[in-house]
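Chain by chain, the residues run as shown.
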Amino acid sequence: MPTILDIRGVSKTYASGQRALSGISLTVERGEILALLGPNGAGKTTLIGIVCGIVRASAGTVAVDGHDIVRDYRASRSLIGLVPQELTTDAFESVWATVSFSRGLFGKAPDPVHIENTLRALSLWDKRDARIMTLSGGMKRRVMIAKALSHEPRLLFLDEPTAGVDVELRRDMWQLVRELRDTGVTVILTTHYIEEAEEMADRIGVMRKGELLLVERKVELMAKLGRKQLTLQLEQPLHRLPSALAAFAPALSADGLALTYTYDTRAHGSGMVAFLEALGAAGIAFKDLQTTQSSLEDIFVSLVQERA
Ligand SMILES: Nc1ncnc2c1ncn2[C@@H]1O[C@H](COP(=O)(O)OP(=O)(O)OP(=O)(O)O)[C@@H](O)[C@H]1O
Ligand SMILES: [Mg+2]
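Residues numbered from 1 in each chain as written. Chains lettered and ligands numbered in written order. Predicted model: local features only at pLDDT ≥ 70, side-chain atom pairs only at ≥ 80, totals over all residues. Heavy atoms only, no water.

### Description of the sheet that holds strand 8 (residues 186-190)
And step 1. Strand order in the open sheet made by the six strands is 6-7-8-3-9-10, with mixed pairing throughout. In the strand order of this sheet, the two ends are held by strand 6 (80-83) and strand 10 (211-217), each with one partner. Across this sheet, the average inter-strand angle for adjacent strands is 15°, counted without regard to direction.
And step 2. By the bridge criterion, five bridges tie strand 7 (residues 155-159) to strand 8 in an arrangement that is parallel. The partner of aspartate 159 across the bridge, within strand 8, is threonine 190.
And step 3. Across the face of the sheet, helix 1 (residues 44-51) comes into contact with strand 3 (33-37), strand 6, strand 7, strand 8 and strand 9 (203-208) while running at roughly 150° to strand 7.
And step 4. Contacts from helix 8 (residues 218-225) reach strand 9 and strand 10, with the element oriented near 105° to strand 10. (Pairing = 2+ DSSP bridges. Helix = DSSP H or I, 4+ residues; strand = E, 2+ residues; numbered from the N terminus. Axes fitted to C-alpha atoms, helices over the stretch in contact; angles between N-to-C directions. Contact = heavy atoms within 4.5 Å.)

### A few points about the coordination of the magnesium ion (ligand 2)
And step 1. Protein-derived ligands of the magnesium ion (ligand 2) are Thr45 (OG1) and Gln85 (OE1), with the metal-ligand distances lying across 1.9 to 2.2 Å. Highlighted residues: threonine 45 in helix 1 and glutamine 85 in the loop between strand 6 and helix 3 (95-105), separated in sequence by 40 residues. (Donors = N, O, S within 2.8 Å, 3.2 Å for Na, K, Ca; no water.)

### Notes on the sheet that holds strand 11 (residues 227-234)
And step 1. Spatially, the four strands line up as an open sheet ordered 12-13-11-14, and their pairing is antiparallel. Edge positions in the sheet fall to strand 12 (251-252) and strand 14 (286-293), since each has one partner strand and no second.
And step 2. In the sheet, strand 11 pairs with strand 14 via seven bridges, with the strands oriented antiparallel. Bridge assignment links leucine 232 to a residue of strand 14, and that residue is leucine 289.

Below is the structure:
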């Protein structure tokens, strides 16, 4: 897959002296959905601002589809759509006018069919003549997305697109993002809803204090950092742990009827098979078992805390 975004060694210190980014390098391939996670102030919006030419990097380079964002600003910017974290809309304009105008800003010829399709996809068609000030917050957010899509960008940034948005619109948005990806658009989104990243993203990047702690394919991240739990319902209550199981350090419930073994999917020599073998050797019978796997949320929380 060709690279659409190439960020190399980007740092940012604001005029206030606040260091917001420290040596970020990241490449994104065409057609990916990348979710950037990180606590407040991690630097997500600053990184997006740099790629979009709103914030000037203190060091490093960024290229969008091979166009340097400083030397070749217009070419790179015309490939980008941005839905900013803070809503800014022209209150008195109609939906249709503001979205059409936005396309014109990028020097693209008018294309009413594209604007209509975009508004329909965002369930804004019925509101096309409404002034933006008369729309609800969620609808305004959809207008921001329509604006960002008006010039047919190849790289779309959604900076917390679903903050304060209802469940239904959130699902619509996920659907829209998938459809965009299917047409070859690359999507980079930030979110504080981990389940959103889990649901949507091909790759996950975790930022903290201006650093990119990791970027990894979601499935690999979950396999690598995930922990699994195996819980057994025992036939007979167990009053204390047999020494043969001590190495596994399972937790025994108060009634002695449930045994829970937590293991790291990365570690060798642990795992479910070894535990079950040891259990069999110790003559402990069980009547049922369940396994659970840690969610991306568990992984995220442990990652961000681990480095605190
Ligand atoms: N214009 C600015 N001037 C000075 N400091 C800024 C400016 N914008 C952001 N910062 C600082 O840079 C750091 C990163 O902020 P940024 O907005 O990029 O974080 P974020 O990851 O997007 O956070 P959030 O999840 O809250 O949106 C913070 O310490 C913030 O206070
Ligand atoms: Mg932000």
